Amino acid sequence: VQHLPFYRHEGLNIISQFIDKNIPIYGIVRNPYKQVFSYFFHKVNAKEEILDVNLSFIENFHIWVSNFDLKNEPHVNQYLHLKLDKKISNKITIFKFEDGIDTVLTYLKNEYSLEVNVNSHQNMNKTKKNLQYVFKDYFDKKTKNKIYVELKECFVHFNYPYELPE
């Protein structure tokens, strides 16, 4: 096993210098609203964001989104994560997180006769798990519009609608 000098979720702009450009490249993208929402909870759970205890989670989320540079953060701007020169970016096979892991497994089986056993991944985000929330309640018009405007490349390139997902 070779240990590479980057974080495991680094974008192609970083890892491309370490990989053979002739091998297949795959990416899994997520609905941008869900990606931002999940990243907020990741930051809170990792204690990288301190919440204002006098405000609700929803209010804290609105403030965080309004102050956060979504467009230049590759962990939420998936287009940045996968964008590279045309020689590589045109070879990337993209899957959508919402389509489920079975879509990826079926593709690998059909394309390479490869059987992959996958253990179920449980969301371990305790903050999100302990909260009773309705996803759409977190998105007022201002928050939704900021996400859409700053991550428009993701919506367009990966064919996600402006409407919030269920």
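Relevant structure appears above.
Below is a summary of the structure that appears in this document. Computed from a prediction, not measured in an experiment: that's the story for all the values here.

This part is about helix α8 (residues 141-150). Every buried residue belonging to α8 is among T143, K144, K146, I147 and Y148, and all of these are buried. Where α8 is buried, its residues contact α2 (32-45), α3 (57-67) and α9 (152-157).

Another point: the packing of α3 against α8. For any two helices packed against each other, the geometry is given by the interaxial angle and the distance between the axes. Following both chains from N to C, one finds α3 and α8 inclined at 35°, their axes separated by 10 Å at the closest point. Note that α3 runs across α8; the crossing there is left-handed. Contacts from F61, H62, V65, S66 and N67 in α3 reach T143, K146 and I147 in α8.

Under the definition given, this model contains three salt bridges. A salt bridge links K43 to E48, with the nearest nitrogen and oxygen atoms 3.0 Å apart. By relative accessible area, K43 is classed as buried at 12%. Between E150 and K146 there is a salt bridge; the shortest N-O distance is 3.2 Å. Linking E150 with K146, this pair stays in helix α8, spanning four residues, or about one helical turn.

Following the criterion strictly, the structure yields 24 aromatic pairs and no others. Its guanidinium or amino end placed over the ring of F97, R30 lies 4.5 Å from that ring's centre, counting from NZ or CZ. The cationic tip of K96 hangs over the ring face of Y160; the distance from NZ or CZ to the ring centre is 4.2 Å.

By the element assignment, C154 lies in helix α9. Taking the C-alpha atoms as reference points, C154 and Y79, 75 residues apart in sequence, are found 5.4 Å from one another. Aside from chain neighbours lying at most four places away, what touches C154 is P32, N77, Q78, Y79, N159 and Y160.

Relative to the assigned elements, Q78 resides in helix α4 (residues 78-82). Here Q78 falls in the buried class, since its relative accessible area comes to 6%. Polar side-chain contacts of Q78 include one of 2.5 Å to the backbone nitrogen of R30. Residue contacts for Q78: discarding those within four places in its chain leaves I28, V29, R30, P32, Q35, C154 and F158.

Before going further, it helps to spend a moment on a nonpolar patch on the surface. Together, Y26, I101, Y112, L114, V116 and V118 make up a nonpolar patch on the protein surface, roughly 490 Å² of accessible area in all. Along the chain, the position of Y26 falls in strand β1 (residues 25-29). Classification of Y26 as partly exposed rests on a relative accessible area of 31%.

What counts, and where the lines are drawn
- Residues numbered from 1 in each chain as written.
- Predicted model: local features only at pLDDT ≥ 70, side-chain atom pairs only at ≥ 80, totals over all residues.
- Heavy atoms only, no water.
- Buried < 20%, exposed > 50% of the residue type's maximum accessible area, 1.4 Å probe, protein only.
- Helix = DSSP H or I, 4+ residues; strand = E, 2+ residues; numbered from the N terminus.
- Contact = heavy atoms within 4.5 Å.
- Axes fitted to C-alpha atoms, helices over the stretch in contact; angles between N-to-C directions.
- Left-handed = near helix turned anticlockwise from the far one by under 90°.
- Salt bridge = Lys/Arg side-chain N within 4 Å of Asp/Glu carboxyl O.
- Phe/Tyr/Trp six-rings, centres within 6.5 Å; stacked < 30°, edge-to-face > 60°.
- Lys NZ or Arg CZ within 6 Å of the ring centre and 35° of its normal.
- Polar contact = N/O pair within 3.5 Å; in protein donor to acceptor, adjacent residues only side chain to side chain.
- Patch = residues over 30% accessible without salt bridge, like charges linked within 9 Å, V, L, I, M, F, W, Y side chains within 5 Å.
- Areas by Shrake-Rupley, 256 points an atom, 1.4 Å probe, with all protein chains shown as cover.

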